[in-house]
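# A structural walkthrough
Letter by letter, the chains look like this.
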Amino acid sequence: TQMKMYLHEELETLTRTEIEALQFERLLRTVRRCMKSPFYQKRFAEAHLSPEDIRSLDDLRKIPFTTKQDLRDNYPFGFAAVPMSEVVRLHSSSGTTGTPTVILHTQKDLDEWANAVARCLYMVGLRRGDVFQNSSGYGMFTGGLGFQYGAERLGMLTVPAAAGNTKRQIKFITDFGTTALHAIPSYASRIHEVMEDMGIDPVRDTKLRTLVIGAEPHSEEQRRKIEKMLGVKAYNSFGMSEMCGPGVAFECTEQNGMHIWEDYYIVEIVDPQTLEPVPDGEVGELVLTTINREAMPLLRYRTRDLTRILPDDCPCGRHHKRLDRMKGRSDDMMILKGVNIFPIQIETVLMQFEELGTDYLITLTNEEANDLMTVEVELKDFSDDYPRLQALTREITRQLKDEILLTPMVRLVPKGSLPQQEGKAVRVRDLRRTL
Ligand code: ADP
Ligand code: K
């Protein structure tokens, strides 16, 4: 029998014309559905827009953008387009412990999400019989349950190892004969370090052949390094909780750009300043419209991720557009070890301490495979009471860890000692080098 290449052959091999026809049909259905969402009812009324105004795919541009702030302002259920009794799960974005955003799912949404993830995994050669180990955090993190259900949908033995405890992670890899691992890039390097310490050779001592890496920006060079270290093929995976999570865009075996599933999403790339579309091939902000979701459709959602659409056809036979590696964010968000952190979260914690002034500086560095954060903060008054200062440092560190889920290095510095800046304060120095 001929090797099957596509999990959803019909959908994956649609021509451009067929993709656009399907998108238009699904867009109309989505827009009508949005009229049940309190947020979009109001949005459309304010814009003097009705579903009948959408007469072609291009008419999408008549619809105002949706932003992360809109999600926050309508927290938790203001976007629901179905009765809450039909909602069976909710997820929340990883970096927003302070001001959460919530994404709602019906059972059909969860099924379609699992189908999308299964399609991605099948695309890179994973099959029933493979053992898929997931080192994502579970819980609200979409990388946990998202990959779990997708890998199970494909029929793989799926190991919900979850985050952390690297030795145990490695024990699972060897004991269970793990053939495919999902990890963020920095953690993949960490696993290799610990394997070396344990005297385990990934090629000789494990069955690991495929790595799925995503959730944080990484370079082509880093990917190649990781592939060599672990003796695997590594595929870039892009997703975000607002778009369900993993399964939005994924590399095929060409490893040249991530196919974005256009039967699920309409993709636009816009200039983040003018919000006008940029031509294919130019970098801009990724804007996505969900066209295959019931509980919480999002129209023209500004992801704030910067990327471009790769021109030309992909030899794999899929005509779904390809996104280039993410170039970064159009705002100030930091991503450390795959966790999204906003400087304001750190500021909020610091500013609660009486003893501290208002000047602080966050420095990001990396050593080996590890992202490190140093927070320098000025004391309000001079003090040489060292036991007191040490206790204070410990307490600040503890509270920061609670907020950002990572342990920063905290340094208390004398008032006036941090560099002074003209104009808008620079709060973050990112000195991380591409590894
Ligand atoms: P998760 O919990 O899965 O990390 P979030 O919604 O918290 O999901 O984070 C999504 C963000 O992570 C994206 O908007 C993007 O900035 C970043 N991201 C996700 N995947 C990638 C990737 N493959 N490359 C670069 N950045 C990514
Ligand atoms: K992330």
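Details of the structure are given in the entry above.
For clarity, every value in this text was computed on a predicted model and none was experimentally measured. (Residues numbered from 1 in each chain as written. Chains lettered and ligands numbered in written order. Predicted model: local features only at pLDDT ≥ 70, side-chain atom pairs only at ≥ 80, totals over all residues. Heavy atoms only, no water.)

## A word on helix α12 (residues 386–404)
For α12, spanning 19 residues, the distance from its first C-alpha to its last is 27 Å, which sits close to the expected 27 Å at 1.5 Å a residue. Here α12 has its buried residues at L389, L392, T393, I396, T397, L400, E403 and I404. Each buried residue of α12 lies within a common arc of 135° when the element is viewed along its axis, so the set occupies one face. Pointing more than 90 degrees away from the buried face of α12 are the exposed residues P387, Q390, R394 and D402. Its buried side turned inward, α12 meets β17 (339–341), α11 (343–350), β18 (356–367), β19 (370–379) and β20 (409–413). The first or second residue beyond α12 is L405, which carries a positive phi of 70°. (Helix = DSSP H or I, 4+ residues; strand = E, 2+ residues; numbered from the N terminus. Expected span 1.5 Å × (residues − 1). Buried < 20%, exposed > 50% of the residue type's maximum accessible area, 1.4 Å probe, protein only. Arc of directions from axis to C-beta. Contact = heavy atoms within 4.5 Å.)

## Here's the deal with the packing of helix α7 (residues 166–176) against helix α8 (residues 185–198)
With their axes 10 Å apart at the nearest point, α7 and α8 run at an angle of 80° to one another. Of the possible angle classes, the one that applies to α7 and α8 is roughly perpendicular. The residues of α8 that touch α7, namely those facing T166, K167, Q169, I170 and I173, are Y187, R190, I191, V194, M195 and M198. (Axes fitted to C-alpha atoms, helices over the stretch in contact; angles between N-to-C directions. Parallel < 35°, antiparallel > 145°, perpendicular 65-115°, else oblique.)

## Let's talk about the pairing of β19
Successive side chains on a regular strand alternate, one facing one side of the sheet and the next facing the other. Most of β19 sits inside the fold, with 8 of its 10 residues counted as buried. With 9 bridges joining them, β18 and β19 adopt antiparallel strand pairing. Directly across from E367, in β19, lies its bridge partner N370. As consecutive antiparallel partners, β18 and β19 are separated by 2 residues, and within that stretch E368 has a phi angle of approximately 50°, a positive value. Inspection of the sheet shows β19 paired to β20 by 5 bridges, in the parallel sense. Each bridged residue has a counterpart across the sheet, and for E376 the counterpart in β20 is R411. Chirality of the crossover, the property in question, places the unit of β19, α12 and β20 among those that are right-handed. (Pairing = 2+ DSSP bridges. Right-handed = clockwise from strand over helix to strand, strands pointing away.)

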